[in-house]
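# Reading the structure
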Amino acid sequence: MEKGPLAMKIRAIGVRKGKKEPEIFLIEKPQVTKPNQACIKMLDAGICGTDIDIIENSLVDSPPGEDKLILGHEAIGKIVETGEQTRFRKGDHVALIPRHGCGICAPCKSRRSDFCETGQYTAAGQHKLHGYFSEFFVEEDEYIVKVPEGIVNVAVLAEPFSIVEKALQQVMNAQKRIPTHEFRKTKAVVFGMGSVGMSAIALLRNQGIETHVLGRRDNTDAKARLATEFGAKYVDIRNKNVNILKEEIGKVDLVIEATGATQMVIDLIELMKRNAIYVFLGIPKGSEELCFNIKGMVHKIVRENLIIMGSVNSQKEHFEVALKHIEEIHAKKPDAIEKIITNIYHLDEYKLAFSKSREETIKKIIRFKED
Ligand SMILES: [Zn+2]
Ligand SMILES: [Zn+2]
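Predicted, not measured: the structure shown is a model, and the values here were computed from it. (Residues numbered from 1 in each chain as written. Chains lettered and ligands numbered in written order. Predicted model: local features only at pLDDT ≥ 70, side-chain atom pairs only at ≥ 80, totals over all residues. Heavy atoms only, no water.)

### Points about the overall build of the protein
Helix and strand counts for the protein come out as eleven helices and 19 strands. Since a compact globule built from 371 residues should have a radius of gyration of about 21 Å, the 21 Å found for the protein is in line with a globular shape. Sequence-distant contacts, at least 24 apart, represent 69% of the contacts inside the protein between residues at least 6 apart. Per element, the accessible surface of the protein, about 17200 Å² overall, is 50% carbon and sulfur. (Helix = DSSP H or I, 4+ residues; strand = E, 2+ residues; numbered from the N terminus. Rg over C-alpha atoms; globule rule 2.2 N^0.38 Å. Contact = heavy atoms within 4.5 Å. Areas by Shrake-Rupley, 256 points an atom, 1.4 Å probe, with all protein chains shown as cover.)

### Here we look at the sheet that holds strand S4 (residues 68-70)
If you trace the three strands from one edge of the open sheet to the other, you get S2-S1-S4, paired in antiparallel fashion. Looking at the sheet topology across the chains shown, the edges are occupied by strand S2 (23-28) and S4. Neighbour-to-neighbour, the strand axes of this sheet turn through a mean angle of 55 degrees, independent of strand direction. The pairing of strand S1 (residues 9-16) with S4 spans three bridges and is classified as antiparallel. Paired with Val15 across the strands is Leu69, a residue of S4. (Pairing = 2+ DSSP bridges. Axes fitted to C-alpha atoms, helices over the stretch in contact; angles between N-to-C directions.)

### Quick word on the coordination of the zinc ion (ligand 2)
Six octahedral donors around a metal ideally sit at 90 or 180 degrees from one another, while four tetrahedral donors ideally sit at 109.5 degrees. Coordination sphere of the zinc ion (ligand 2), protein contribution only: Cys102 (SG), Cys105 (SG), Cys108 (SG) and Cys116 (SG), at 2.3 to 2.4 Å. Coordination at the zinc ion (ligand 2) is tetrahedral, judged from the four donor atoms that bind it and the angles of 100 to 120 degrees they form at the metal. Mapped onto the sequence, the residues coordinating the zinc ion (ligand 2) show the spacing C-x2-C-x2-C-x7-C. A single burial state applies to Cys102 and to Cys108, both of which are buried. (Donors = N, O, S within 2.8 Å, 3.2 Å for Na, K, Ca; no water. Tetrahedral: all angles 85-135°; square planar, octahedral: opposite > 155°, others 65-115°. Buried < 20%, exposed > 50% of the residue type's maximum accessible area, 1.4 Å probe, protein only.)

### Side note on the coordination of the zinc ion (ligand 1)
The zinc ion (ligand 1) binds to the protein through Cys48 (SG), His73 (NE2) and Glu74 (OE), with metal-donor distances spanning 2.1 to 2.7 Å. Between the donor residues of the zinc ion (ligand 1), the gaps in sequence give the motif C-x24-H-E. Take His73: its relative accessible area is 3%, and that puts it in the buried class.

### Section: the packing of helix H3 (residues 158-175) against helix H9 (residues 316-332)
Contact geometry for H3 and H9: axes closest at 8 Å, N-to-C directions at 110 degrees. As judged from the angle between their axes, H3 and H9 are roughly perpendicular. In contact with Ala158, Glu159, Phe161, Ser162, Glu165, Lys166 and Gln169 of H3, H9 contributes Glu317, His318, Phe319, Val321, Ala322, Leu323, His325, Ile326 and Ile329. For the contact of H3 with H9, a count of residues per class yields eight nonpolar, four polar and four charged. (Parallel < 35°, antiparallel > 145°, perpendicular 65-115°, else oblique. Nonpolar A, V, L, I, M, F, W, Y, C, P; charged D, E, K, R; others polar.)

### A look at the layout of surface pockets
Taken as a whole, the second largest pocket holds about 520 Å³ of empty space. Of all the elements in the fold, those that place two or more residues in the lining of the second largest pocket are S2, S4, strand S9 (128-129) and strand S10 (136-140). With five residues, the single largest contributor to the lining of the second largest pocket is S10. Class assignment for the residues of the lining of the second largest pocket results in ten nonpolar, five polar and eight charged. (1 Å grid on protein atoms, 1.4 Å probe; cavity = no way out; pocket = protein on both sides within 12 Å on 5 of 7 lines; lining within 4 Å. Points joined across faces, edges and corners; volume = space filled by probe spheres on them.)

### A short note on the pattern of salt bridges
Evaluation of the coordinates by the stated rule reveals 28 salt bridges. Note that Asp218 is salt-bridged to Arg238, the shortest N-O span being 2.6 Å. Of the two residues, Asp218 is situated in the loop between strand S13 (210-215) and helix H5 (222-229) and Arg238 in the loop between strand S14 (233-236) and helix H6 (242-249); the sequence distance between them amounts to 20 residues. On the accessibility criterion, Asp218 (44% relative accessible area) is partly exposed. For Glu328, the salt bridge identified is with Lys324, shortest N-O distance 3.7 Å. On the criterion of helical spacing, the pair formed by Glu328 and Lys324 is a turn pair, its members being four residues apart in helix H9. Put simply, Arg112, Asp114, Lys166 and Glu317 are held in one network by salt bridges that share partners. (Salt bridge = Lys/Arg side-chain N within 4 Å of Asp/Glu carboxyl O.)

### A short note on the sheet that holds strand S7 (residues 99-100)
Here we have three strands laid out as an open sheet, ordered S7-S8-S9, and mixed in their pairing. One side of each edge strand has no neighbouring strand; the edge strands of this open sheet are S7 and S9. Bridge count between S7 and strand S8 (residues 122-124): two bridges; the pairing is antiparallel. Looking at S8, one finds that Arg99 is bridged to Ala123.

### As for the packing of aromatic side chains
Tallying each qualifying case throughout the model produces three aromatic pairs. Relative to Phe354, the ring of Phe133 lies with its centre 5.4 Å away and its plane at 90 degrees, an arrangement referred to as edge-to-face. Separated by 221 residues along the polypeptide, Phe133 in the loop between S9 and S10 and Phe354 in the loop between helix H11 (350-353) and strand S19 (363-367) bring together distant segments of the chain. One Lys or Arg, Lys29, reaches over the ring of Phe136 and ends 4.3 Å from the middle of that ring. (Phe/Tyr/Trp six-rings, centres within 6.5 Å; stacked < 30°, edge-to-face > 60°. Lys NZ or Arg CZ within 6 Å of the ring centre and 35° of its normal.)

### What to know about the pairing of S2
With six bridges joining them, S1 and S2 adopt antiparallel strand pairing. Bridged to Ala12 within S2 is Phe25. Between S1 and S2, which pair antiparallel one after the other, the connecting turn spans six residues, and Gly18 there sits at a positive phi close to 85 degrees.

And the structure:
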């Protein structure tokens, strides 16, 4: 099937400019044209809030000269064709790194486009590059990472895990400003149980970190139970203010926010110990004005050496460590990590897959047929 004529068409899910619904497009099968490229047969591709946002708000940032964008920026596949200069072999399982550097700024030139200074980077499935909801994909060697063979069924989680790995790398670097720091003694709070929140819970618990998870659901809810399965302590924050949380949990060294802004997001600063770090990973939608005591907050930030930071995207080193940690977690808790993938759809079910049902899902994926 793969040895068809050059004009062979494949199926891909995308959105047309000005439209607010996904479509299946028949596109030319991509070809390896450079020695550093490989062709990947897609296996699993994750659906993320960003995809839904692009669709619902028609934020179609197509490649130049085109009127559609193939979506998808979280995926794994199998190498089916290689140029002479790739490190990969046919049959290798690999994950893909969506962001490509601008080629202008220093971070991008040193392969850290996650810190791109110009904002002129491109990103598969998001900005000016087609994405991974496509039966085949051709990519350059430097944006491909090998997946360990034992974890192919969950490796599509590499992208959300890599986001948390980058954040934790920065947290560890920041903690080193305190000479006596010990990361393993960190006490953490994670707010949110979407794929990024759950990745944070799994990764922190994998390192033995005391982790408290905040959510607005019953203890018996599937997400709350999964957090507990990873060894975190779940706290239902409905009807609780930050003072109650302070009594219940105590103060913490690390807050990871993975929901998007609400009043509680601001209030959680109160939960920070001296020298603590607060990382924002959730991207809020829309706008909302909140009232808070800014003088009191700045007072606390300064007097207590607090760090409040945002973090976005990730690069190869984060994917590599994410896959290593996924392998460790999978060895210890295979059922738990598999439960992060809550919904598996085939390409034909794309309408259902992209419909709104965020509440009870963690990670929805498109699983391409293996032949
Ligand atoms: Zn995403
Ligand atoms: Zn750049």
